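Survey of secondary and tertiary structure
Chain by chain, the residues:
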Amino acid sequence: MIAGNLVKGIHWWSNFWERMVIEDSKGYLFNQLFSNRKELLIMAENSEEDSSI
């Protein structure tokens, strides 16, 4: 998901909530993110905020 967003040229967190809540019925994405939470936190802290919102 994150790599796909980057390839598309959009923020890595785009559609994050929809995928976590709606599409991740088996918890696969959640488990992947949970096991990589340290790296995900670093990415979030180093991300630029979208000033157009």
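A brief look at the structure comes next. Since the structure is predicted, the reported quantities are computational estimates derived from the model, not experimental observations.

1. Observations concerning the overall build of the chain
- If you tally the helices and strands in the chain, you get four helices and zero strands.
- When the elements of the chain are put in sequence order from the N terminus, they spell out α-α-α-α.
- Expressed as a percentage of the 53 residues in the chain, the buried residues total 19%.
- Excluding contacts between residues fewer than 6 apart, the proportion of contacts in the chain whose partners are at least 24 apart in sequence is 43%.
- Entry remark: accessible area of the chain is about 4,600 Å², with carbon and sulfur atoms responsible for 57%.

2. Points about the nonpolar core
- With six residues, the main nonpolar core is built from Ile 2, Trp 12, Met 20, Leu 29, Leu 33 and Leu 40.
- For Ile 2, the residues in contact, after removing those within four places along its chain, are Trp 12, Leu 33, Leu 40 and Met 43.

3. Points about the packing of aromatic side chains
- According to the stated counting rule, one finds one aromatic pair in the structure shown.
- Consider the rings of Trp 12 and Trp 13, whose centres lie 5.7 Å apart with planes at 90°: the pair is edge-to-face.
- By relative accessible area, which is 12% here, Trp 12 ends up buried.

4. Quick word on the side chain of Asn 5
- Within the secondary structure, Asn 5 sits in helix 1 (residues 2-8).
- Discounting residues that sit within four places of it in the chain, Asn 5 has contacts with Ile 10, His 11, Trp 12, Trp 13 and Ser 14.

5. Quick look at the environment of Ala 44
- Mapped onto the secondary structure, Ala 44 falls in helix 4 (residues 37-46).
- Among the residues examined, Ala 44 registers a relative accessible area of 42% and is labelled partly exposed.
- For Ala 44 and Trp 12, which are 32 residues apart along the polypeptide, the C-alpha to C-alpha distance reads 9.3 Å.

6. Examining a nonpolar patch on the surface
- A cluster of nonpolar side chains, namely Trp 17, Val 21 and Ile 22, defines an oily patch on the protein surface of about 390 Å² accessible area.
- By the secondary structure assignment, Trp 17 is in helix 2 (residues 16-23).
- According to the relative accessible area criterion, Trp 17 is exposed, its value standing at 63%.

Scoring rules and cut-offs
Residues numbered from 1 in each chain as written. Predicted model: local features only at pLDDT ≥ 70, side-chain atom pairs only at ≥ 80, totals over all residues. Heavy atoms only, no water. Helix = DSSP H or I, 4+ residues; strand = E, 2+ residues; numbered from the N terminus. Buried < 20%, exposed > 50% of the residue type's maximum accessible area, 1.4 Å probe, protein only. Contact = heavy atoms within 4.5 Å. Areas by Shrake-Rupley, 256 points an atom, 1.4 Å probe, with all protein chains shown as cover. Core = buried A, V, L, I, M, F, W, Y, C linked by side-chain atoms within 4.5 Å. Phe/Tyr/Trp six-rings, centres within 6.5 Å; stacked < 30°, edge-to-face > 60°. Patch = residues over 30% accessible without salt bridge, like charges linked within 9 Å, V, L, I, M, F, W, Y side chains within 5 Å. Salt bridge = Lys/Arg side-chain N within 4 Å of Asp/Glu carboxyl O.

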